[in-house]
Each structure stands twice: as C-alpha cells, then as structure tokens.
Amino acid sequence: KGTTVAWEPNKPVVIEEIEVAPPQDGEVRIKIVATSVCHSDLYHLFENIHKDGFPVVLGHEAAGIVESVGPGVTEFQPGDKVIPLFLSQCKECRFCKHPKTNIRIDAMSPLDSRFTCKGKKVYQFSGTSTFSEYTVVRQINLTKIDPAAPLDKVCLLSCGICTGYGAAVNTAEVKEGSTCAVFGLGAVGLAAVMGCKNAGAKRIIAVDTNPDKFEKAKVFGANEFVNPKDHDKPISQVLSEMTNGGVDYSLECVGNVEVMVSALESTVQGWGVSVIVGWNMHEFSGQPIKLITGRTWKGALFGGFKSKDGVPEMVKAYMNKKLMVDEFITHNLTLDQINDAIEMMKHGKCIRTVLNVSPQ
C-alpha cells in the first residue's frame, strides 16, 4: 500500500494499494523512508513524446532501508541503510571496468517490475520507482551508506546533487583560480555552483532568467549574477565581455538546446570547456569552428560518478560537513501530497521537496 501510480501522461498521480512482489534473484526489496521530486520524473509525466511507459510508479531520488533480499544477494541484508540508483554499476562489464565512464549500456527493463495494481502490471521507472512505500531494485542499482546518515537529507544525493556537483569536479575538472559560468539555478545548477566553489574557482557567474534564484546561488558560492533578460545582446557576448574573452568552464543545467550552444559560445577559445548537464532529446547544432579553435564540448550523466562507489563517498562528505545538502530542501511533505510537490516543481516554486514516506 501507500504507492503513487501515474496511470496516464499529463494527469495527477493517484495513491493506490499496490502489490510489491518479493525480490527475485539478485534483487532487493526496500522500505522507502524519504524520496524527492526531480525534473526527470516530470519529464516522463509531461514531456514523454511517445506517451508510453504507463501505468508507472515514478520517483528515483530516494533513501531507504533493506526489508528483504532475493537469492544470490550477498552485499545487502535487512536493516541496511541504502540509496537506490537509477544508474547501475555491476563492476564487471567493459563499461564498469573502464576508468573514464560511469555509463552502463544495460538498464532494467520496465517490464521486470514487481508492481501489480488492480490486476495490472505497473511499470518500473528508472530501475527504481521510489514514490512508493516499498520498491524492488536490482542489487546493481543499490548502494549501502553510513548507517548514521539522515535519510530524509541524503536521499538528494541519489540524483540531483551528484549530477551537478560531479559535472563540475569530475567532468569539467574545474581548476583552482578559474572562472566558471553556470546556466540554470535549479537543484542541479546550484550543485554545479557548489562543485565549482569546492574546486577553488575564483569567479562563479550564475546565469538565470529568474533573479529570485540569485540569493540562493550566493549560499552555494556564486559571486556574480547575470539575467539574460537584462541584456539586448547574446548572453555569450555579455559573458565574453565580462571575462576578457570568455569563461574557462561553463555548465548547462537547463536542458535547452539553445542554452547549450550559448554555454559553449561563452567559453574562451583555446581551452574553454563546456559541459552539457541538462537532459534533452532534441537535436542541436553548432559551428565546428567553435571546437576547431580549442574549445571542448562534453556531456555528463550523474556527474560522472560511478554510482555504487560515488554515492557513499558523497554521503561521507556530507557527514564530514564538506558538502551542503540541507540547503537544497525548501519543502517537506508526505507521500500523499505528491501532486502538490509535482506542481511546485513544475512552476519553479521549490528547489527540492522531500516526501517523507516512512519513519527512519
């Protein structure tokens, strides 16, 4: 029980009684303690052009406690504090063994879901489905964390914070004393700002069309602010003039192809690095000369972190006060207020809303 089902696109999700089957071979059933709403959940609900993948239990940013384990599971036991991972890590395939990537080609088929509602199979979302009191995930989509960690805080480390922070420190490899521009100041952008700050960047320029977000960006380390609406010339030109030819690093955390091109063009020729962090399935184009003259254009999924290894390290950094997490949380609600949380995210009224599902 206590599960939210999105029966169809563009409609409110519904609280339902649901059957969560026991874990099969290599799987783990988790009691979700806290989960938060991320833009990827909204993308599936409102911008899914194929309109497939319904009915579904959404949610992928969460933390919980192991309830039971299936056959062949050796690294988890009931009672472990865990974070589910939309990006799996098996540690055995060609991709997991390669030091330069965190991508794995295989993903859990949504049809392998252990959810049934009203006699119907309900899809799994991103191999996790955390808007539910219980969920079943593969052991390669799960990581064990410090048992002292507060789950209603560290749930944010399973997607948004790692995505932005890692894009700056792992993918861009921001250097001390450098100049950075971060486009888009949602949770991912603010985490990118924090990554630039922790890497020692000197100038961190926050770019957003909503100036209300600048105060929050200051908390994470931004020290200059630009609203493209205040200028009648392209934002790349504004930034170029501010920085004597362009920034050393730019991070696009919006998910808009035009902004991606602007972010590239905002970097200095010769050595500028621009990282695409925002999710988008549309085509984009740029001028080859922009790259021929020495800029680098990269993309990052989950901030380049190998998930099983990286998330516990980020939890540790938070516990050691080296990482801000609480500052991202603007609202705390319960799972039955899920539609309110979705509306707030849709209209930019929150950074992160944590839904408290079960007691810790």
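Residues numbered from 1 in each chain as written. Predicted model: local features only at pLDDT ≥ 70, side-chain atom pairs only at ≥ 80, totals over all residues. Heavy atoms only, no water.

## Concerning the domain arrangement of the protein chain
Here comes step 1: The domain architecture assigned to the protein chain consists of domain 1 (3-156 + 325-356) and domain 2 (164-300).
Here comes step 2: Distance from the C-alpha centre of domain 1 to the C-alpha centre of domain 2: 29 Å.
Here comes step 3: Each partner contributes residues to the interface: domain 1 has 5 residues there, and domain 2 has 9 residues.
Here comes step 4: Taken together, the two surfaces of domain 1 and domain 2 that pack against each other cover about 730 Å², and 75% of this comes from carbon and sulfur.
Here comes step 5: Area buried by domain 1 at its contact with domain 2 is led by Tyr43, Phe328 and Ile351, which between them contribute 64% of it.
Here comes step 6: Our count for the contact surface shared by domain 1 and domain 2 stands at 0 salt bridges.
Here comes step 7: Here domain 1 is connected to domain 2 by 1 residue pair in polar contact (both at pLDDT 80 or more).
Here comes step 8: Each residue belonging to the side of domain 1 that touches domain 2 can be placed in one class, and the counts come to 3 nonpolar, no polar and 2 charged. (Domains from an automatic or database assignment. Contact = heavy atoms within 4.5 Å. Buried area = accessible area lost by both parts, 1.4 Å probe. Salt bridge = Lys/Arg side-chain N within 4 Å of Asp/Glu carboxyl O. Polar contact = N/O pair within 3.5 Å; in protein donor to acceptor, adjacent residues only side chain to side chain. Nonpolar A, V, L, I, M, F, W, Y, C, P; charged D, E, K, R; others polar.)

## A word on helix α8 (residues 257-265)
Here comes step 1: All buried positions along α8 are accounted for by Val257, Met260, Val261, Ser262, Ala263 and Leu264.
Here comes step 2: Elements in contact with the buried residues of α8: β12 (179-183), α7 (235-242), β15 (249-252), β16 (273-276), α9 (288-292) and β17 (296-299).
Here comes step 3: For α8, the N-terminal capping position is held by asparagine 256, with its side-chain oxygen 2.8 Å away from the main-chain nitrogen of glutamate 258. (Buried < 20%, exposed > 50% of the residue type's maximum accessible area, 1.4 Å probe, protein only. Helix = DSSP H or I, 4+ residues; strand = E, 2+ residues; numbered from the N terminus.)

## Re the nonpolar core
Here comes step 1: One finds Val154, Leu157, Ile161, Cys196, Leu251 and Phe328 to be the most contacted residues of the largest nonpolar core, which totals 58 residues.
Here comes step 2: Per-element tally for this core: the top contributor is helix α5 (residues 187-198), with 7 residues.
Here comes step 3: Two domains share this core, each providing at least three of its residues, namely domain 1 (3-156 + 325-356) and domain 2 (164-300).
Here comes step 4: Apart from the residues within four sequence positions on either side, leucine 251 is in contact with Ala167, Ala168, Ala181, Val182, Phe183, Cys196, Val275 and Val277.
Here comes step 5: Ranked by size, the runner-up nonpolar core spans 22 residues in total, among them Val37, Leu58, Cys350 and Leu355. (Core = buried A, V, L, I, M, F, W, Y, C linked by side-chain atoms within 4.5 Å.)

## A word on helix α11 (residues 338-346)
Here comes step 1: Looking at α11, one finds that the buried residues are Ile338, Ala341, Ile342, Met344 and Met345. For α11, the buried positions fall inside an angular range of 160° around the axis, keeping them on one side.
Here comes step 2: One or two residues past the end of α11 sits glycine 348, with phi positive at roughly 65°. (Arc of directions from axis to C-beta.)

## Considerations on the environment of arginine 203
Here comes step 1: In this structure, arginine 203 sits in strand β13 (residues 203-207).
Here comes step 2: Judged by its relative accessible area of 25%, arginine 203 falls in the partly exposed class.
Here comes step 3: Residues arginine 203 and methionine 281, spaced 78 residues apart in sequence, show a C-alpha to C-alpha distance of 31 Å.
Here comes step 4: For arginine 203, the side chain forms a polar contact with the side chain of glutamate 224, separated by 2.6 Å.
Here comes step 5: For arginine 203, the side chain forms a polar contact with the main-chain oxygen of methionine 242, separated by 3.1 Å.

## Observations regarding the pattern of salt bridges
Here comes step 1: Using the criterion set out here, one finds 15 salt bridges in the structure.
Here comes step 2: Between lysine 91 and aspartate 309 there is a salt bridge, and its shortest N-O distance comes to 3.0 Å. Taken together, the residues lysine 91 in the loop between β7 (81-84) and α2 (94-97) and aspartate 309 in helix α10 (residues 307-319) connect sequence positions 218 residues apart.
Here comes step 3: Judged by its relative accessible area of 45%, lysine 91 is partly exposed.
Here comes step 4: Residue aspartate 309 is classed as partly exposed on the basis of its relative accessible area, which comes to 36%.
Here comes step 5: With a shortest N-O distance of 3.4 Å, lysine 218 and glutamate 215 are connected by a salt bridge.

## Points about the pairing of β7
Here comes step 1: The alternating pattern of β7 places Lys81 and Ile83 on one face and Val82 and Pro84 on the opposite face, and all of these are buried.
Here comes step 2: For strand β6 (residues 61-69) and β7, the ladder comprises 2 bridges, and the chain directions are antiparallel. Across the sheet, the residue bridging to glycine 64 is valine 82, located in β7.
Here comes step 3: Note that β7 and strand β11 (residues 142-144) share 3 bridges and pair antiparallel. (Pairing = 2+ DSSP bridges.)

## Section: the pairing of strand β4 (residues 27-36)
Here comes step 1: Burial within β4 is extensive, with 9 of its 10 residues counted as buried.
Here comes step 2: Relative to strand β10 (residues 134-138), β4 runs antiparallel, the two being bridged by 5 bridges. Bridge assignment links glutamate 27 to a residue of β10, and that residue is arginine 138.
Here comes step 3: As defined by bridge partners, β4 adjoins strand β19 (residues 352-356) across 3 bridges and the pair is classed as antiparallel.

## Quick look at the environment of valine 37
Here comes step 1: Mapped onto the secondary structure, valine 37 falls in the loop between β4 and α1 (39-46).
Here comes step 2: Its relative accessible area of 1% is what places valine 37 among the buried residues.
Here comes step 3: Linking valine 37 and glycine 160, residues 123 residues apart in sequence, is a C-alpha distance of 9.7 Å.
Here comes step 4: With residues near it in sequence (within four places) discarded, valine 37 still touches Leu42, Phe131, Ile338, Ala341, Ile342, Met345, Arg352, Thr353 and Leu355.

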